Each structure stands twice: as structure tokens, then as C-alpha cells.
Amino acid sequence: MPLPPRDFTTIGPKLGERFPDVRLPDQTGQVVDLHAARGRQRALVVFHRSAEW
Amino acid sequence: MAEKLRESGVALFALSYDSVDVLRIFTEKHGITFPLLSDGGSHVIRQLGLHNERVAEDHAVYGIAANPRHVGLPYPGVFVLDQDGTIVQKRFHESYRVRDTGAGVIAQTLDLLESSDGAGAVDEGGAVSVRGWLDSPTYVWFQRLHLNVEVVMAPGVHIYDQPVPRGFVPLSIGVEPIDGLEVGTVSWPSPRLFRMDGLDETFWVHEGTARGALPLTFMGAPGAGDHVIRVTVAYQACSASVCLVPSSLRLELPVKEMALVGRELPRPTSTT
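No experiment lies behind these values; they were computed from the predicted model shown.

Reading the values: the criteria
Residues numbered from 1 in each chain as written. Chains lettered and ligands numbered in written order. Predicted model: local features only at pLDDT ≥ 70, side-chain atom pairs only at ≥ 80, totals over all residues. Helix = DSSP H or I, 4+ residues; strand = E, 2+ residues; numbered from the N terminus. Buried ≥ 20, exposed ≤ 12 C-beta atoms within 10 Å, placed from the backbone. Contact = placed C-beta atoms within 7 Å. Pairing = 2+ DSSP bridges. Axes fitted to C-alpha atoms, helices over the stretch in contact; angles between N-to-C directions. Nonpolar A, V, L, I, M, F, W, Y, C, P; charged D, E, K, R; others polar.

## Side note on the overall build of chain A
- Counting its secondary structure elements, chain A contains 1 helix and 3 strands.
- Ordered by position from the N terminus, the helices and strands of chain A form the series β-β-α-β.
- Looking at the 53 residues of chain A, the share that counts as buried comes to 26%.

## Describing the overall build of chain B
- Per the secondary structure count, chain B includes 5 helices and 17 strands.
- Each of the 272 residues in chain B was classed as buried or not, and the buried ones make up 35%.
- Pairs at least 24 residues apart make up 62% of the contacts formed inside chain B by residues separated by at least 6 positions.

## Side note on the pairing of strand 4 (residues 87–92) of chain B
Residue and element names in this part refer to chain B.
- Inspection of the sheet shows strand 3 (residues 77–81) paired to strand 4 by 5 bridges, in the antiparallel sense. Within the sheet, the bridge partner assigned to leucine 81 lies in strand 4 and is isoleucine 87.
- From the end of strand 3 to the start of strand 4, which pair antiparallel, there are 5 residues, and glycine 85 there has a positive phi angle of about 85 degrees.

## Here's the deal with the sheet that holds strand 11 (residues 181–183) of chain B
Residue and element names in this part refer to chain B.
- Taken in spatial order, the 5 strands make up an open sheet running 5-6-8-14-11, and their pairing is antiparallel. Each end of this open sheet is capped by a strand with a single partner; those strands are strand 5 (119–122) and strand 11. Going from strand to strand, the sheet's axes swing by 20 degrees on average, the running direction of each strand aside.
- Both strand 8 (residues 144–153) and strand 14 (residues 209–218) contribute to a ladder of 9 bridges, which runs antiparallel. Paired with leucine 145 across the two strands is leucine 216, which belongs to strand 14.

## Section: unusual backbone geometry
Residue and element names in this part refer to chain B.
- The amide bond that connects glutamine 162 to the next residue, proline 163, takes the cis arrangement and shows omega of -10 degrees.
- For proline 163, the position within the fold is in the loop between strand 9 (158–160) and strand 10 (172–175).
- A positive phi angle, close to 55 degrees, is found at serine 42, a residue other than glycine.
- If you trace the backbone, serine 42 turns up in the loop between strand 2 (36–38) and helix 3 (43–47).
- On the basis of neighbour counts, which here come to 19 C-beta atoms within 10 Å, the residue serine 42 falls in the partly exposed class.

## Quick look at the environment of A:His35
- With respect to the helices, strands and loops of the structure, A:His35 is situated in helix 1 (residues 34–38).
- In this structure, the C-alpha to C-alpha distance between A:His35 and A:Arg23, residues 12 residues apart in sequence, is 8.9 Å.
- Once residues lying within four places of it in the same chain are set aside, the contact partners of A:His35 are A:Asp21 and B:Gly85.

## Quick word on the interface of chain B and chain A
- Each partner contributes to the interface: chain B provides 54 residues, whereas chain A provides 40 residues.
- Counting residues per element, the ones that place at least two in the side of chain B that touches chain A are strand 1 (10–16), helix 2 (20–30), strand 2, helix 4 (55–61), strand 3, strand 4 and helix 5 (102–109) of chain B.
- A per-element tally of the side of chain B that touches chain A places strand 1 of chain B first, with 7 residues.
- When its residues are assigned to classes, the side of chain B that touches chain A shows 32 nonpolar, 12 polar and 10 charged.
- Two strands pair when backbone bridges link them, and strand 3 (residues 42–47) of chain A and strand 1 of chain B are joined in this way by 6 bridges, in the parallel orientation. Across the sheet, residue A:Leu44 finds its bridge partner in strand 1 of chain B, namely B:Leu12.

Take it as geometry only, folks, not as evidence of what the structure does.
Spelled out as C-alpha cells, the structure:
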């Protein structure tokens, strides 16, 4: 029997909130400020497991 | 896919705990055209509350051995932001598979993307209808796509999931084997417990609309060509008082091979 499913409404940033500021290096080593890079566009932010696997 | 998003004016970002070097190699290998953010040490993942602390426990249920790579893993999923940066959609799912790619997660959960032309079929009597579609009408070598299957049950009708009462047929998806195609395990939404009238037993069932995703990984050498994915969805439909005979519906979904960005497909040098 599978484990009881988690409630993702409570995990992580919530619907209706502004997505938090994220500043991380990208694959070129350049630091990217997510909201600044996005500008006024809509965006998808994907969390995934390793690219290496 | 990234190009389609760019054309629609949607920026795409992916985030993982991989180092910049690992991401650079991945970018070169796959011709990635959008930012892959390096959250070494999973600090942002933790800060956002997306750290999956139960990975080892979850994986043990599925017989996957604990692995140092599992430390710092996030829940895989997608946030959709509007022009102001507000979260307007959030799609996360339980995932016990260790190789869910970013592209698969996006494609599985968004209406922004055009999916390939799907295929559909309806049970005689209309108790159940099935619709299937792939994340994309094309694939590249080593890509993981999902075969998405939507099962729609008429009101009052349910179908069984595992564990199934003796003599009954549970919901399952079969894919006709194709050389080089690796077929993963389907993930369905959680079934609910159902009690049959007059019986003191409960069963796990699906009702209404159930959408499942089956990962397909194209592992054959480049040049494998176009395919038709032949799918059989098997199930047994019951109402509160009576069960129909076990049934299945077949779908055929074409998929074409594309070259990786900046490369050509190899030309066959001989007929094999």
C-alpha cells in the first residue's frame, strides 16, 4: 500500500504568494536573479532531481 | 519545448543541487537554451521548504536502496508564475523514480504546452472512456517522455486499483515493446477506499477522472527513427451493485525522432 500522500498545498511557497527571490549561479557560472531575469514575463520554475542521473 | 515557451513569452528556469560544472556538461550535451540554476548544498531548496526529508523512507517502500545522492533532494515539481511573479499554479507530485527529468515534469503538468495529438477510445456502453497523449510529438535520444492516460468513468462507475479483490482485474497500462524503449512504472492519483453494498470489505478504487503518467525513455541509439506507441489500458468497471466484464481499450500514438539541437540524425549505413 502506498504511503499517505503529502499535502503539497502546505509544502513550499504557496499559490497566490510572490515567488521568493532566488539568486543562484547558472550553468555558465553567472549569478542569475530569477525575478530580474524573468522581467515582466510569465515563468516556469522547475525543481528537479539531478541532471547527472 | 523551450522554444515553444519562448514563443509564448514564458521564461523557463530549472533548479537542482547539481554543481555548475555538471550543469555545464549537461547543457552542452543536450543543447539546453534556458538557465539551469545550481543550488549546491540544496540551501535554496531547504529554505523554500521543498526538501524531501522522507526520500529514504519512500524509496524503501519501492525497494530502492538508500544512496548518498538522495540527500538534499527536493520534491520534484513546477511553479507557474504570472507577469508579477505571483505563483498561479503549483504542481508537485509524489515521485519515487530517480530519473524524472525537468522536461518530463513540465510537460506532464502544464496546459501551456501543446501536447501531441492524442488518441481516445470509448468502452461499449460508455461506462469508461480513455484518452492518451504523449508529452511531445517528437523525441530525442535519451529523452524521457510521459505517456499520459486519462480514464474517465461515468457517474456511479468505479474501477479497481491494487490490491484487487480476488477474481477482479485492476487498472493497468501495457505498452507493446519497442527496441530501445524503456517503459517505467505508471503513477496514478491515490485511489480511495470503497465499500461494496452489503459486503464487509473495502477496496481501492478510482472514480470520475483519473489521470496517470507512464515514463517512457528512448534509449536506443540515435537513428532509431519514428515509432508508434501501442498502448492497452485494462480495467474492470463496476457500479455500486454490479460489475461489468473486464475490458481493455487500445490506443496508438505516433512519435517522431528529432535530432538534438545542433546535430543531425545519423543516416543509416545499411539496412538491418
